[in-house]
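# Summary of structural features
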Amino acid sequence: MSVVTRFAPSPTGFLHIGGARTALFNWLHARHNGGKFLLRIEDTDRARSTQAAVDAIFDGLQWLGLDWDEEPVMQFSRAARHAEVANQLLAEGKAYHCYCSPEELDAMRAEQRASGQPMRYDGRWRDRDAADAPAGIRPVVRLKAPREGQTVLQDRVQGEVTVANEQLDDMVLLRADGTPTYMLSVVVDDHDMAVTTVIRGDDHLTNTFRQIQLYRACGWEVPEFAHIPLIHGPDGAKLSKRHGALGAEAYRDMGFLPEALRNYLLRLGWGHGDDEIISTEQAIEWFTLEGAGRSPSRFDMAKLTNLNGHYMRLADDARLAELIAPRIETMIGHALSDADKAILRTAMPALKERAKTLVELAESAAFFFKPRPLALDDKASKFVDGDGQKTLGDFAQKLAAASIWRQDVLEDEARHFAEAAGLKLGKLAQPLRAALTGSTVSPPIFEVMQILGRDESLARIQDVLKD
């Protein structure tokens, strides 16, 4: 049988980092096995589901490069099919109407709480005649679950997990208003979508035993289950916004590359020997559920940032230039020309060596396109005062006479000038960097001079020279 996985988020918010990892594992399992990766939007919570959240899920998955097969399934649109299954179970005597009023259920739970018993439905309408039903109560439909024996789960990650059936009550399939419950909808949808492997967070583990009972009551084949541990923060606590539990779009806005985030999420709870840098192609080739761990993993923003720096250095220069161009345009307040973009591509090999995010990359590149005179930061200003003024002024005269404007030639000119003046090269390079970039940090300054060109370089130096 061909492998079919699914990612089934609820559209009540963004695609958070835990959901993105679940989607990634499902996508990799399908791609590794030559199967299908399906998407289902579980939008049955009509009060909280929004189109904006649906769009955010689509956008987040597309940005991460997790392409799905077939049209997404919208769960709410299948409510009639879910109810059909519940009614079939009723007809077969595998489900029943429960006429308990809300007050009756509250009293039952209070009694169980007082006696120290687990709070669960006691099955009081399981075998009663509907003729005994009180007036004015619209019944729910409950599954007639097995009361003896055990439900055993052979989980691909957690191993064998067993629950005594007496611990599981008769769950509701249809509410009193006829709407299907989440537990019913999930099982019916997974069956109808021919899902063979359900990969999800281990917070769903307790639901699985009830769902297995429902599969069996319907006479359907039970899929494989793989429950992966949740992601925790660096302090071991449940992952929250302060740890980095943000939407995928937030990581895009912070300047992370999708391939870096995929690699990082893969290593959160899955391993292949000591490999840390794992390309998408390798991940597809290597991924098996046996590589998933059973312990929660810890999210570390510093590790993600360092990994992103690695992928930035590997990234195509033209692609990086396109990615940061809109950020630079926002910073400088005008659009980049085609010539500007050509400069950006030329400068990219040097720029990307230092940056760890696209935000840093854009900030480091913006000086090329800022209007003159450049605004110098405080540190840079100090280098063009005092001795720096005279050094720059004398070197500017030397530069004006240069016949070749190329990085290696310019560096030789600078070395000869510094040697003749009895200066270390840094005493010239730092004022030069300050004048040309407005900062004390930049790509190699003689490469910057070549990229800026003779006229722009000399003009920027003149801007900081005092009369």
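Provided above is the structure to which this section pertains.
Quick summary incoming for the structure in this document. All of these numbers come straight from a predicted model, not from anything done at the bench. Here, residues in each chain are numbered from 1, in the same order as that chain's written sequence. With pLDDT at 70 or above as the cut-off, local features in this predicted model cover only qualifying residues; side-chain atom pairs require 80 or more to be listed or tallied, and sums for whole chains, interfaces and linings still use all residues. Just so you know, side-chain values use all the structure's heavy atoms and leave hydrogens and water out.

### Quick notes on the overall build of the protein chain
To keep it simple, the criterion reads: Counting from the N terminus, the helices are DSSP H or I runs at least four residues long and the strands are E runs at least two residues long. The globule rule used here is 2.2 Å times the number of residues to the 0.38 power, and the radius of gyration it is set against is calculated over C-alpha atoms. Throughout, exposure labels follow a simple rule: accessible area from a 1.4 Å probe, protein chains only, divided by the maximum for the residue type, with under 20% read as buried, over 50% as exposed, and the rest as partly exposed. When checking whether two residues touch, look at their non-hydrogen atoms; a contact exists if any pair is within 4.5 Å. Only four residue types enter the charge count: Lys and Arg as positive, Asp and Glu as negative, with His and the chain ends excluded. The atom standing in for a charge is NZ when the residue is Lys, CZ when it is Arg, CG when it is Asp and CD when it is Glu.
Secondary structure assignment for the protein chain yields 19 helices and twelve strands. In summary, the protein chain has a C-alpha radius of gyration of 32 Å against a globular reference of 23 Å for 467 residues, an excess of more than 25%. Principal-axis analysis of the C-alpha atoms places the extent of the protein chain at approximately 105 × 45 × 40 Å. Counting all 467 residues of the protein chain, 49% fall into the buried class. Considering only intrachain contacts with a sequence separation of at least 6, the fraction spanning at least 24 residues in the protein chain is 76%. Taken together, the 56 basic and 68 acidic charged side chains of the protein chain have centroids lying 3 Å from each other.

### Here's the deal with the packing of aromatic side chains
Cut-off, in case you're wondering: Two rings from Phe, Tyr or Trp (for Trp, the six-membered ring) form a pair when their centres are within 6.5 Å of each other. A pair whose planes differ by under 30 degrees is stacked, one over 60 is edge-to-face, and the rest are tilted. Geometrically, a lysine NZ or arginine CZ counts as sitting over a ring once it is within 6 Å of the ring centre and also within 35 degrees of the ring normal.
The tally for this structure, following the rule as stated, stands at ten aromatic pairs. Here Tyr264 and Phe299 contribute two aromatic rings whose centre-to-centre distance is 5.5 Å and whose plane-to-plane angle is 85°, an arrangement assigned as edge-to-face. Separated by 35 residues along the polypeptide, Tyr264 in helix α8 (residues 258-267) and Phe299 in the loop between β12 (297-298) and α10 (301-314) bring together distant segments of the chain. As far as burial versus exposure is concerned, Tyr264 and Phe299 are alike and both buried. Joined through ring pairs, the aromatic side chains of Tyr251, Phe256, Tyr264 and Phe299 make up one cluster. Looking at Arg128, its charged tip hangs above the ring of Trp125, at a distance of 3.9 Å from the centre.

### Looking at the pairing of strand β10 (residues 224-228)
Rules: Should DSSP find at least two bridges between two strands, the strands are regarded as paired. We call a crossover right-handed when, viewed with both strands directed away from the observer, the connection leading from the first strand over the helix to the second proceeds clockwise.
Along β10, four of the five residues are buried, which leaves the element largely enclosed by surrounding structure. For strand β9 (residues 197-201) and β10, the ladder comprises five bridges, and the chain directions are parallel. The residue of β10 that forms the bridge with Ile199 is Ala226. Handedness of the crossover joining β9 and β10 through helix α6 (residues 205-218) is recorded here as right-handed.

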